[in-house]
Amino acid sequence: MPYVVTISATFGSGGGTVGPAVAERLGVPFVDRAIPGAVAERIGCSLEDALRHDDWAPTGFERLLASAARLPTVTLGSVDPSYVTPSDADGRILYDQEFVDRTEDVLERVAATGAVVLGRAGAVVLADRPGALHVRLDGPKDRRLARSGTTDMRELEANDRARSAYVRRFYRVDPADPALYHLVLDATAVPPRACTDVIVRLARERAPEM
């Protein structure tokens, strides 16, 4: 049966290192930047427009947050789409929610054959996927900053806000909520190889449930 692992990672917690390593060990694709390209193909818009809605792009989600301020109150069970400028090949105006819907379609499709998914609210979208393992990588800000390759705490905090904004806005949940995950790791205290070992072992143990 295919292995499905979703990884939610704060900036500097090593998601881009651990994710591919887990995928290689489990023999499944690692899905990260492939998502915007697949979404663009399914909608018929440019990759640039898809990346603008991607949950790993701070500038895109600063724009989303600004547009959210102009929306009516969002209620559980529905999200009012904001009007944005991207359009498809026929000139049809696209909506932020449409990008999210197509992203969910892509996640469901790749999960059917097995994958390690980084970001994209995978733990929420695939919450009911039998046998899937949902993981959160995090750690204290100062230790994540030291591992991130930047010395600017403002950059770290901006990236954290951008990644959190996608989940909060469209799914009305806090991505830091441990209830969303089977496993939460302080990836600044546990080395990447050890994180990988733990995730792979749990993924294999959950797979028979499928």
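Residues numbered from 1 in each chain as written. Predicted model: local features only at pLDDT ≥ 70, side-chain atom pairs only at ≥ 80, totals over all residues. Heavy atoms only, no water.

Draft legend 1. Region of interest: the overall build of the protein. On a plain count of helices and strands, the protein comes out with nine helices and seven strands. At a minimum sequence separation of 6, the contacts of the protein that also span at least 24 residues come to 71%. (Helix = DSSP H or I, 4+ residues; strand = E, 2+ residues; numbered from the N terminus. Contact = heavy atoms within 4.5 Å.)

Draft legend 2. Quick look at helix H9 (residues 192-206). Between its first and last C-alpha, H9 extends 21 Å over 15 residues, near the 21 Å set by a 1.5 Å rise per residue. Looking at H9, one finds that the buried residues are Cys 195, Thr 196, Ile 199, Val 200, Ala 203 and Arg 206. For H9, the angular spread of the buried residues around the axis is 130°, confining them to a single face. The outward face of H9, more than 90 degrees from its buried face, is lined by the exposed residues Arg 193 and Arg 201. If you follow the buried residues of H9, they end up packed against strand S1 (4-9), helix H1 (15-26), strand S6 (133-138) and strand S7 (183-186). (Expected span 1.5 Å × (residues − 1). Buried < 20%, exposed > 50% of the residue type's maximum accessible area, 1.4 Å probe, protein only. Arc of directions from axis to C-beta.)

Draft legend 3. The confidence of the model for the protein, seen in detail. Counting all residues, the mean pLDDT for the protein is 76, and 68% of those residues have values of 70 or more. Averaged over each element, pLDDT in the protein is lowest for strand S3 (residues 83-87) (40) and highest for S6 (98). Of the regions scoring below 50 in pLDDT, residues 36-47 engages in 32 contacts with residues more than four places distant in sequence or in other chains. Below pLDDT 50 for its whole length, residues 55-94 participates in 84 contacts with residues either more than four positions away or in separate chains. (pLDDT = per-residue confidence, 0-100.)

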